[in-house]
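If you want the building blocks of each chain, they are given just below.
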Amino acid sequence: MIESEKIDVLHVAGFDAYDRTHESGNYIVFNALRNLDHSSRMVIHQQKSFKDDKTFLLRINNRTPEEIAKMLPKHKVLILYGEDYNPQQLKAIYDEHKCRIIRVLMTHDLLSGGCSYPIAPDLVKVNYDPHHPNGTYFNNPWFSNPSLMPPEMNLDPRSIQCDGYTKNCGNCPQLKSNVANDESRKLFEDKVKYLSELPMIVAGVSNFSLSLVKNSPIFKNNRTELLPIPNDIPYATESKEELRKKLGAPLDKKIILWGTTQPHNLRKGRYLANEALVHMWHRCSDEEKQNIAVLNVGPASPISFHKTQAFPVLGTGYIRNREHMAKLYKLSDIALCTTTSDAGPMMVSESMRNECPVVAFDRSVALDVVTSGVNGYIVKKLDTVEMAESALKLLRDPNLEDIAKKCPSGVEQHHNFEKITQKWDSIINELIKDYDSNAFRNS
């Protein structure tokens, strides 16, 4: 790609894959849209993992906003998936290209002064140490030795929820700041100054995301669209029994799946998952205690489930491809989703696609794919007692296999590939037409 190239649609993201293996949500969307009748490219600013002649790595470090704007090819529609540009940079890009903008809420950081998920601060930032050369949670000694955790360290995300983004950020609990005009306030006010007047559509991949936008004083009047990630979720065709035999999972136990690629992230709810499992243990009969196991998928949690609850734990570590993940969902009986605020997560949709009923808080895409009491349960108010009781209700249900068969339908409706790509096509065509009309009038 060269700066003089002219295209219809420019997609912008930080990276195209997690850990160089799993396609990121933005890359899944780009793949779904790349063959529409528009010329399109994707610019990646942090890390490019896949060989792809339509994606380009473009470093913008130490560039002025105006320089960044001129580095990009001429384009009519700009699709953003994250905070890859600060407000001044995005305003400069608009001033240079007069592009129409679609901001996809893969996360909710657009709405706040730096918090990637409003009302649920990240553990990485909650435990940020400004005096440490790297300054992150991973450098805390209790990461590898929980016994060293200071007594005041509270991992319960319910204790530090914040709705500052509905007013004006400042006094940020993630920064442990008592300063009204901290960095979060400055970023929030920069968004008010530079982004409020831009022609930006805010697109949510879930209805939960869109419910947050209406509380934003910056973006509540922007046009919003529901644009879920198009369905390309792998499906495991083998039976549960076949997969358990092949992968060495116990045949005689009910398996509860909990997993995330970010166990260090407070909003993913590792603390709440443990709390729900403890509640389950105390509600189980002696026989049930012997017949239930936990499947922990993903990198090692900060504090191992082995040390905090009593069910036997099967650990997989990080799974490097989605096809293998599909098999783990399929061999499980149910899954717990304990995220406290999420545009996805894809784990919910992937579980349901593979006939694994989900019990989730009402803070995610689960609201779109789970019909509570039919193919899983939605739990309100981050109530881990209700989560435990709902999970046991599923595990004890003699018709659990029939319930599992109902799970894919919600995913097929919400993530319907043809319906979503057609909606994208319609919106992009509309914006290109608007761009061309304005360009003609101004010529």
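Residues numbered from 1 in each chain as written. Predicted model: local features only at pLDDT ≥ 70, side-chain atom pairs only at ≥ 80, totals over all residues. Heavy atoms only, no water.

S.K.: Give me the sheet that holds strand β6 (residues 74-80): which residues, what numbers.
M.R.: In spatial order, the strands read β5-β4-β1-β6-β7-β8-β9; together these seven strands make up an open sheet with parallel pairing. The sheet is open, and its two edges are formed by β5 (55-57) and β9 (224-226), each paired on a single side. In this sheet, adjacent strand axes meet at a mean angle of 25 degrees when their direction is disregarded. As paired strands, strand β1 (residues 6-15) and β6 are joined by six bridges and run parallel to one another. Note that in β6 the partner of I7 across the bridge is H75. The sheet strands contacting helix α1 (residues 25-33) are β1, β4 (40-47) and β5, and the helix crosses β4 at an angle near 165 degrees. (Pairing = 2+ DSSP bridges. Helix = DSSP H or I, 4+ residues; strand = E, 2+ residues; numbered from the N terminus. Axes fitted to C-alpha atoms, helices over the stretch in contact; angles between N-to-C directions. Contact = heavy atoms within 4.5 Å.)

S.K.: Explain the pairing of β1 to me, and be specific about the residues and the numbers.
M.R.: The buried fraction of β1 is high, at eight of ten residues. Across six bridges, β1 lies against β4 in parallel orientation. Residue pairing in the sheet places L10 in a bridge with R41 of β4. (Buried < 20%, exposed > 50% of the residue type's maximum accessible area, 1.4 Å probe, protein only.)

S.K.: Would you mind going over the state of the cysteines in detail, with residue names and values included?
M.R.: Structurally, a disulfide amounts to a covalent bond that connects the sulfur atoms of two cysteines. Tallied over the full model, the rule gives zero disulfides. C172 takes part in no disulfide bond, and the closest cysteine sulfur to it belongs to C162, at a distance of 6.5 Å. We classify C172 as buried; its relative accessible area is 11%. (Disulfide = S-S within 2.5 Å.)

S.K.: Which residues make up the side chain of R244, and what values do they have?
M.R.: Relative to the elements of secondary structure, R244 occurs in helix α7 (residues 240-247). Looking at R244, its side chain comes within polar contact range of the main-chain oxygen of P250, at 3.0 Å. Within polar-contact distance, the side chain of R244 engages the side chain of D333 at 2.7 Å. Residues contacting R244, with those up to four places away along its chain left out, are A249, P250, L251, K253, I255, L331, S332 and D333. (Polar contact = N/O pair within 3.5 Å; in protein donor to acceptor, adjacent residues only side chain to side chain.)

S.K.: So, the pattern of salt bridges: which residues are in play, and what are the values?
M.R.: Counting across every chain of the model gives 27 salt bridges. The salt bridge involving D52 is made with R34; its shortest N-O contact spans 2.6 Å. Of this pair, D52 sits in the loop between β4 and β5 while R34 sits in the loop between α1 and β4; the two residues are 18 residues apart in sequence, bridging distant segments of the chain. With its nearest N and O atoms 3.3 Å apart, the salt bridge here joins E241 to K245. Of this pair, E241 and K245 both sit in helix α7, four residues apart, roughly one helical turn. When salt bridges that share partners are traced, they join E83, R103, D109 and K191 into one network. (Salt bridge = Lys/Arg side-chain N within 4 Å of Asp/Glu carboxyl O.)

S.K.: Could you give an account of helix α14 (residues 384-396), with specific residues and numbers?
M.R.: Over its 13 residues, α14 extends 18 Å from the first C-alpha to the last, a length consistent with the 18 Å expected when each residue adds 1.5 Å. Turning to α14, its buried residues are T384, M387, A388, S390, A391, L392, L394 and L395. (Expected span 1.5 Å × (residues − 1).)

S.K.: So, the pairing of strand β10 (residues 254-259): which residues are in play, and what are the values?
M.R.: Most of β10 sits inside the fold, with five of its six residues counted as buried. In this structure, β10 lies alongside strand β11 (residues 292-297), joined through six bridges in parallel fashion. Considered in β11, the bridge of K254 is made with I292. With two bridges joining them, β10 and strand β13 (residues 334-337) adopt parallel strand pairing.

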